[in-house]
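Spelled out from the first residue to the last, the chains are:
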Amino acid sequence: MRERDWVTAKFQSEPSERSSRGLPDSSDANSSSEPSLVLEGMLRNKPSILKVELYDTTLRDGNQGVGVNFSVNDKLKIARRLSEFGIDIIEGGWPSESNPSEVEFFKLYKEEGVDAAVSAIGATRKPNSNPRADRNLEALISVESDYVTLVGKSWRLHVEKILDTTLRENLHMITDSVEYLRDHGCKVIFDAEHFFDGFKDDPAYSIQTLKAAVEGGASTVVLCDTRGSSTPYEIYDVTKHVTKTVGVPVGVHAHNDRGLATANSIFAVMAGAEHFQGTVNGIGERCGNANMIEFIGNLEFSLGYKTGLDLKRLRQLSEYVYEIANLTPNNYMPFVGKYAFAHKAGIHGHAVARLPRAYESIDPSLVGNSRSVTVSGQAGLTNIITKAQQLGYRLDKSDPKAEELLMKIKRMDSSGYNLENANATLELLYARTLGVRLDYFTMINWRAFVTGENGVLRSESTVKLKVKDESIIAAGEGNGPVNAFDNALRRALETHYPELCRVRLVGYRVREIDVERGTAAAVRVFIEFEADGESWSTAGVSTNILKASEEALLDGYIYFLYKNKSDRKEARQHRSMKGSED
């Protein structure tokens, strides 16, 4: 039976079963059931999950993601974190003669005594060969891991067209390999590669591959959606069928080619799967794997299964793997992303201030995250007040300064400032509007010019500014006019503020705002600064890139001085007292 035939027959033949587990049934489209009965059915048929074994494959499948390249030391660092977090099994890699670093990892893993069980992964023996002569199997045995995860083909397309062998021989390859590993004391997890595609093509044969693994002694069989081409309903129905057919625990390993890997894994568990394979942050080959972070969060908060893990460390684990992988974090990731609990619209900010669960499904602190109310052109007064409180100011809606701040922010946002990302520019806007003195220096004038000589360009800048009553003139050179201006500015300021030598520029980006105006377009300059382990960002907007750069640079240094001056706290207290007197 082919894919469409099997799926159609399955879905049409079991409408009552689909309805009983809370899944949509097209036959109910015109049903007149009372809503209360629908709710009662949903609550009564909530899936009862007895066990889920968490198997992390970040060190192998995650390492196959483009742009990811873990060293042995990187893998050990991540493994320690995974173990401390409470992951059951960590897949360490594919040991072989051609991968000595993988072999080295297993050696060091044992020497360090990491608590979590570790698994090596490899493939079944080659067609028409003896397992005793298979170097891949010997390498798996040699690393003495707690488990061996054996990959075998379950889709006849791969058996006949990729392995170029017979269906019968493939079954022998699976049984022989599992038996051989078992005879050498290995606990074997069988990963049925392309299982869901294989099942939709030839259900009987794909089931035979699982039974071949069980016959050989596999302790768990894992159903792989290797191309990520299945839907949650397909995953549910197939997994449910398999759990009734094989006599060992069933697992799921899903890829994210259609954005469904985590959802598919959840549906597999709802259907009876007891073993889940995924990667931290969903990193992996092509579009990645099922996301361990999202899966655990949904397991706890959507399905009510108690993992026993300290979920307050969930965000920390996510950020750590991003750091080691040298990848930019996904700020929008559910549960742990920087913006997962950020509220931008005024109506949202107002509601969350009164009742957080109005727009938040869980308390962000439960997963180590925090709430933020952003300030932008879409903000309302509640956003302004909430942000003021976060910055340490006492402000309420009746204060004219609140409305003034709101109008300023809306004007700046419409001009292209994007204050959500320029935290220092936003905080300085609050400080200036609420009466904090920021007169650390006054810019009198500056100039920059570029000269070309013998094909070499040079940039120079001169800055004149006043600190208190003293005028200071300084010059600087750089690889461009902005760099030259920055060098001259720092040289002038450091005569009175030597602490500025600790400040580093770690990012400088320019973006056109109204590109249709061509070279007359306004630009936004975004600059990131860092000092003493802290970072901050500023923005400047102008039709002149040098003017926009000046604004962002000056605010960056003013912010550092503001954060480090003792009168900052006094200024805030003064503003708070003034607010209470008013």
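Only a predicted model underlies this, so the values are computations on that prediction, with no experimental measurement involved. (Residues numbered from 1 in each chain as written. Predicted model: local features only at pLDDT ≥ 70, side-chain atom pairs only at ≥ 80, totals over all residues. Heavy atoms only, no water.)

(A) Expanded view of the environment of Asn383. Residue placement: Asn383 occurs in helix α16 (residues 381–391). Counting along the chain gives 19 residues from Asn383 to Ala402, while the straight-line C-alpha distance between them is 10.0 Å. (Helix = DSSP H or I, 4+ residues; strand = E, 2+ residues; numbered from the N terminus.)

(B) Structural view of the sheet that holds strand β15 (residues 523–531). With antiparallel pairing, the three strands of this open sheet are ordered in space as β14-β15-β16. Here the strands that pair on one side only, and so sit at the sheet edges, are β14 (504–512) and β16 (534–542). Each strand axis lies, on average, 15° off the axis of its neighbour in the sheet, ignoring direction. Note: β14 against β15, eight bridges, orientation antiparallel. Note on β15: the bridge partner recorded for Arg509 is Phe526. Of the strands in this sheet, β14, β15 and β16 are in contact with helix α20 (residues 545–564), which crosses β16 at around 150°. (Pairing = 2+ DSSP bridges. Axes fitted to C-alpha atoms, helices over the stretch in contact; angles between N-to-C directions. Contact = heavy atoms within 4.5 Å.)

(C) Up close: the nonpolar core. With 88 residues, the main nonpolar core has Phe195 and Leu210 as its most contacted residues. Beyond its immediate stretch of four places on either side in the chain, Phe195 contacts Ser154, Ser206, Ile207, Leu210, Leu223, Cys224, Val238 and Val242. Among the nonpolar cores identified, the runner-up in size contains 58 residues, and Val467, Ala492, Leu553 and Phe560 belong to it. (Core = buried A, V, L, I, M, F, W, Y, C linked by side-chain atoms within 4.5 Å. Buried < 20%, exposed > 50% of the residue type's maximum accessible area, 1.4 Å probe, protein only.)

(D) Spotlight on the pattern of salt bridges. For the structure shown, the criterion picks out 29 salt bridges. A salt bridge links Glu112 to Arg80, with the shortest nitrogen-to-oxygen separation between them at 2.5 Å. One end of the pair, Glu112, is in helix α5 (residues 100–112); the other, Arg80, is in helix α4 (residues 72–85), and 32 residues separate them in sequence. By relative accessible area, Glu112 is classed as partly exposed at 41%. On the accessibility criterion, Arg80 (29% relative accessible area) is partly exposed. (Salt bridge = Lys/Arg side-chain N within 4 Å of Asp/Glu carboxyl O.)

(E) Representation of the sheet that holds strand β12 (residues 456–467). If you trace the three strands from one edge of the open sheet to the other, you get β11-β12-β13, paired in antiparallel fashion. Both edges of this open sheet fall to β11 (442–453) and β13 (470–478), since each of them pairs with a single strand only. Averaged over all pairs of adjacent strands, the angle between strand axes in this sheet comes to 15°, irrespective of strand direction. Of the pairings in the sheet, the one linking β11 to β12 comprises eleven bridges and is antiparallel in character. Residue pairing across strands places Trp446 opposite Val463, the latter belonging to β12. Where helix α19 (residues 481–493) meets the sheet, its contacts fall on β11, β12 and β13, and the angle it forms with β13 comes to roughly 145°.

(F) Seen up close, the side chain of Ser206. Secondary-structure assignment places Ser206 in helix α10 (residues 203–216). The class of Ser206 is buried, set by a relative accessible area of 0%.

(G) Molecular detail of the confidence of the model for the protein. In this model, the protein carries a mean pLDDT of 88, and residues with pLDDT of at least 70 account for 88%. Scored below 50 in pLDDT, residues 11–16 makes six contacts in the model with residues more than four places away or belonging to other chains. (pLDDT = per-residue confidence, 0-100.)

(H) Inspection of the packing of aromatic side chains at higher detail. Counted by the stated rule, this structure contains 15 aromatic pairs. Between Phe529 and Trp536 the ring centres are 5.7 Å apart and the planes differ by 5°, which places this aromatic pair in the stacked class. Residue class for Trp536 comes out buried when judged on its relative accessible area of 4%. Through successive ring pairs, a cluster of aromatic residues spans Phe529, Trp536, Tyr557, Tyr559, Phe560 and Tyr562. Here Lys187 stacks its cationic end above the ring of Tyr147, 4.6 Å away from the centre of that ring. (Phe/Tyr/Trp six-rings, centres within 6.5 Å; stacked < 30°, edge-to-face > 60°. Lys NZ or Arg CZ within 6 Å of the ring centre and 35° of its normal.)

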